[in-house]
Amino acid sequence: MTKQHFILLIIIFTVLCLVIPKGIKHYKFKQLLSCLNQNDFEKFFSLADSRLTKLLFQPYNLEYLKLNALLMKQDAKAIDTQFDKLLRFKLTKIQKADLLSKAFSYYLKTTNKQKCQSLLKEIQLLDDPSLTKEAQKMYAIILEGNTNYIQETEEKLKTANKEEKTYLSYLLAIQYKNLKDKQKSKELKV
């Protein structure tokens, strides 16, 4: 075997090792998303738990995808277990902030005060003042019935974009509901 043949074999081998797994990974990901789009959770979890899928995807990313499936499925007990599992991973600051925010939002919706208090403490440890402030505000409004943010929220609403307006209107509606002002609360419901 000549030196040129050897180099050619190495190039071919390298290309095959890089291209084929990427193609298979892309195909598997599309399969998983297709299952979610069709609400075929049984097939999704079967694919997600297969050996090939576990080889192709990083454990955290695969478990995060499973969390999203469980949230769609609305399986409360499994969601609790999955959040606990994900929070045990060694995470980057960005991953941790994202996961804590997602968990906090979920437990706010389910009005689980104990879980929210625990998550709020973890959010404070991230040393992200804006995230901490927003989480504290949401906790106060949604779980404690606080109405101290009405003026601030109305001011922000004046310059907010469409997505922000929806969120801010929601917070205002809750605060007016907390004030027992049913009329204003109904007007703001989105």
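Please read these numbers as outputs of a predicted model, since none were measured by experiment.

## Concerning the packing of aromatic side chains
(1) Moving on: This model, assessed by the stated rule, comprises seven aromatic pairs.
(2) Moving on: When the centroid spacing of 6.3 Å and the interplanar angle of 45° are considered together, the rings of phenylalanine 29 and phenylalanine 57 count as tilted. Linking phenylalanine 29 in helix H1 (residues 3–37) with phenylalanine 57 in the loop between helix H3 (51–56) and helix H4 (59–73), this pair joins segments that are 28 residues apart in sequence.
(3) Moving on: Residue phenylalanine 29 is classed as partly exposed on the basis of its relative accessible area, which comes to 34%.
(4) Moving on: A relative accessible area of 11% means that phenylalanine 57 is categorised as buried.
(5) Moving on: Geometrically, the ring pair formed by phenylalanine 83 and tyrosine 106 is tilted, given 5.9 Å between the ring centres and 40° between the ring planes. One end of the pair, phenylalanine 83, is in helix H5 (residues 76–87); the other, tyrosine 106, is in helix H6 (residues 93–109), and 23 residues separate them in sequence.
(6) Moving on: By relative accessible area, which is 1% here, phenylalanine 83 ends up buried.
(7) Moving on: Classification of tyrosine 106 by relative accessible area gives buried; the value is 15%.
(8) Moving on: Here the aromatic cluster, defined as three or more aromatic residues joined through ring pairs, consists of Tyr60, Tyr64 and Phe89.

## Some details on the pattern of salt bridges
(1) Moving on: Under the definition given, this model contains eight salt bridges.
(2) Moving on: Here glutamate 63 makes a salt bridge to lysine 85, at a shortest N to O gap of 3.3 Å. Taken together, the residues span a long stretch of sequence, with glutamate 63 in helix H4 and lysine 85 in helix H5 at a distance of 22 residues.
(3) Moving on: For glutamate 63, a relative accessible area of 10% corresponds to the buried category.
(4) Moving on: Judged by its relative accessible area of 34%, lysine 85 is partly exposed.

How each quantity is defined
- Residues numbered from 1 in each chain as written.
- Predicted model: local features only at pLDDT ≥ 70, side-chain atom pairs only at ≥ 80, totals over all residues.
- Heavy atoms only, no water.
- Phe/Tyr/Trp six-rings, centres within 6.5 Å; stacked < 30°, edge-to-face > 60°.
- Helix = DSSP H or I, 4+ residues; strand = E, 2+ residues; numbered from the N terminus.
- Buried < 20%, exposed > 50% of the residue type's maximum accessible area, 1.4 Å probe, protein only.
- Salt bridge = Lys/Arg side-chain N within 4 Å of Asp/Glu carboxyl O.

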